[in-house]
Amino acid sequence: LLPTRELAAQVAGIASSLAPPGSVRLISHPTNLMRSAEKDRGGLSSPHPNPPRLFIGSAKAIMVSIFGDGELPAPPTTRPEGQFFLSNVGYLVLDETDRILGVRKSRPDKKSKKHEKPAGVLTAAVMRMSTGTAQIVAVSATVGRPLKRELSRVLGIPPQDCPVVLRSDEDTDALESDDGGRSVKIPDTVSHYVVATDGTSAGATLTVASFVCRQLQTRPHCKVLVVLSRGCGMEVKHAVGALRSMGCRNPMAGSLLDRLETGGGTDQLMHVHQKVSGATGIGESSTKTEDERYLFITGEDSVRGLHLDGLDTVVVVGRPKGPDEYTHIAGRTGRAGRNGNVINVMSYQQKAAIPSWEQMLGVEFHSIDESEVGAL
């Protein structure tokens, strides 16, 4: 179970490179989990003699596949099939557990009603239908008391019986802290820049971001990811059209999710993500070619956990929600010892919070003019 379709495609792409042919099925949209996945394959591969054993998808897509969403006339997977599926789950892996379970750092008010997340619904159902025999693996960068408390609640066990925490010896104190210490850190090879703008509207900020992107595109092997912050008030599809109209055409600006889903079919989606992320195995490719240049646009909520092969620069439009979100955005570049840049395009008012972020993140933000981007 993963938080987004983009991350699910990445995990499925890597898993299909390592697992036997036909054993991985990506659930990118609600579907019947028990029927043949041939239609999901987009006609790109022949049916395999063995049914898939690894089901990978967003928590919401898989939950709706089994239980429906109140809008469909009936769940895609029939009730007997859904019960059979849940009772035969041997391993349930939750990635980005703190996010997909909606973990709160403080105890919720007893009067407030908690809306159960799809991952919580599925985890409780698997435990119930498998009579507790399924093995639960919850993956998270921060393992504090709030996460343990919420995971115990979903599993239906006392907090003192929460699953054992497996971790490296590094950052042990941070991982066990009450506030959920951070073990994911921005690589030291990443440089951080701020381009402040006079305009406060999303259009004005995106105009400056387009100028930044055009300068970056003059480089021979340009790989750029534009991340729209939640507060910028612009959808990805609108930003793509605006950037194209402003001259970001070499390479052509495009939606990351649309690029992954080009051609239709989940096998195609996994194949494209293998190429974009360099996931022919695990790790990054060692060479760059002109054909690999790209300019992708995605939202702040979709960028967490993604890996794009050899990503040079991340351009952030607007200020992210907070330091934690910025950590995940900046961590998309500077991977595997490579150098990377994060260019934050924001208003002067938003820039006022940056000094406090420097202390919390342990990094330095350099203020530059938009005309200086080409010299980075």
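This structure is a prediction, so every number in the text was calculated from the model and none was measured.

### Quick notes on the side chain of Asn 32
Reasoning step 1: Note that Asn 32 resides in the loop between strand E1 (24-27) and strand E2 (54-57).
Reasoning step 2: In this structure the side chain of Asn 32 is engaged in a polar contact, spanning 3.2 Å, whose partner is the backbone oxygen of Pro 76.
Reasoning step 3: A polar side-chain atom of Asn 32 sits 3.1 Å from a polar atom in the side chain of Glu 81.
Reasoning step 4: Setting aside anything within four residues of it in sequence, one finds Asn 32 in contact with Arg 25, Pro 76, Thr 77 and Glu 81.

### Topic: unusual backbone geometry
Reasoning step 1: Here the bond from Asn 250 into Pro 251 is cis, since omega is 5 degrees, no more than 30 degrees from zero.
Reasoning step 2: Assignment of secondary structure puts Pro 251 in the loop between helix H9 (236-245) and strand E7 (253-255).
Reasoning step 3: With phi around 50 degrees, Glu 96 is a residue other than glycine that occupies positive phi space.
Reasoning step 4: With respect to the helices, strands and loops of the structure, Glu 96 is situated in the loop between strand E3 (91-94) and helix H4 (97-100).
Reasoning step 5: You can call Glu 96 buried: its relative accessible area is 11%.

### Focus: the pattern of salt bridges
Reasoning step 1: In total, this model carries seven salt bridges according to the counting rule given.
Reasoning step 2: For Arg 304, the salt bridge goes to Asp 98, with nearest N and O atoms at 3.2 Å. One end of the pair, Arg 304, is in the loop between strand E8 (294-299) and strand E9 (313-317); the other, Asp 98, is in helix H4, with 206 residues separating them in the sequence. Across the pair, exposure class does not vary: Arg 304 and Asp 98 are buried alike.
Reasoning step 3: The partner of Arg 153 in a salt bridge is Glu 150, and the shortest N-O contact between them spans 2.7 Å. Taken together, the residues Arg 153 and Glu 150, both in helix H6 (residues 145-155) and three residues apart, mark about one turn of the helix.
Reasoning step 4: Looking at Arg 153, the relative accessible area reads 40%, which means it is partly exposed.
Reasoning step 5: Owing to a relative accessible area of 11%, Glu 150 belongs among the buried residues under this scheme.
Reasoning step 6: The network of salt bridges with shared partners includes Glu 96, Asp 98 and Arg 304.

### Let's talk about a nonpolar patch on the surface
Reasoning step 1: A contiguous nonpolar patch, built from Val 93, Val 137 and Val 139 and spanning about 190 Å² of accessible area, is present on the exposed surface.
Reasoning step 2: Structurally, Val 93 is set in strand E3.

### Some words on the nonpolar core
Reasoning step 1: Counting 27 residues, the largest nonpolar core has Val 226, Ile 297, Val 315 and Val 345 as the members making the most contacts within it.
Reasoning step 2: Among the elements of the structure, strand E5 (190-197), helix H8 (202-216), strand E6 (223-228), H9, E8, E9 and strand E10 (340-347) are those that each provide at least two residues to this core.
Reasoning step 3: Considering every element that reaches this core, the biggest residue donor is H8, with six residues.
Reasoning step 4: Look past the residues within four positions of Val 315 in its chain and what remains in contact with it is Ala 209, Val 212, Cys 213, Leu 216, Val 224, Leu 225, Val 226, Val 227, Ile 343 and Val 345.

### Observations concerning the packing of helix H12 (residues 323-330) against helix H14 (residues 354-361)
Reasoning step 1: As a packed pair, H12 and H14 sit with axes 10 Å apart at the nearest point and diverge in direction by 70 degrees. By the criterion of interaxial angle, the relationship of H12 to H14 is roughly perpendicular. Contacts between H12 and H14 involve Pro 323, Tyr 326 and Thr 327 from the first element and Trp 357, Met 360 and Leu 361 from the second.
Reasoning step 2: Each residue belonging to the contact of H12 with H14 can be placed in one class, and the counts come to five nonpolar, one polar and no charged.

Calculation rules
Residues numbered from 1 in each chain as written. Predicted model: local features only at pLDDT ≥ 70, side-chain atom pairs only at ≥ 80, totals over all residues. Heavy atoms only, no water. Helix = DSSP H or I, 4+ residues; strand = E, 2+ residues; numbered from the N terminus. Polar contact = N/O pair within 3.5 Å; in protein donor to acceptor, adjacent residues only side chain to side chain. Contact = heavy atoms within 4.5 Å. Buried < 20%, exposed > 50% of the residue type's maximum accessible area, 1.4 Å probe, protein only. Salt bridge = Lys/Arg side-chain N within 4 Å of Asp/Glu carboxyl O. Patch = residues over 30% accessible without salt bridge, like charges linked within 9 Å, V, L, I, M, F, W, Y side chains within 5 Å. Areas by Shrake-Rupley, 256 points an atom, 1.4 Å probe, with all protein chains shown as cover. Core = buried A, V, L, I, M, F, W, Y, C linked by side-chain atoms within 4.5 Å. Axes fitted to C-alpha atoms, helices over the stretch in contact; angles between N-to-C directions. Parallel < 35°, antiparallel > 145°, perpendicular 65-115°, else oblique. Nonpolar A, V, L, I, M, F, W, Y, C, P; charged D, E, K, R; others polar.

Take it as geometry only, folks, not as evidence of what the structure does.
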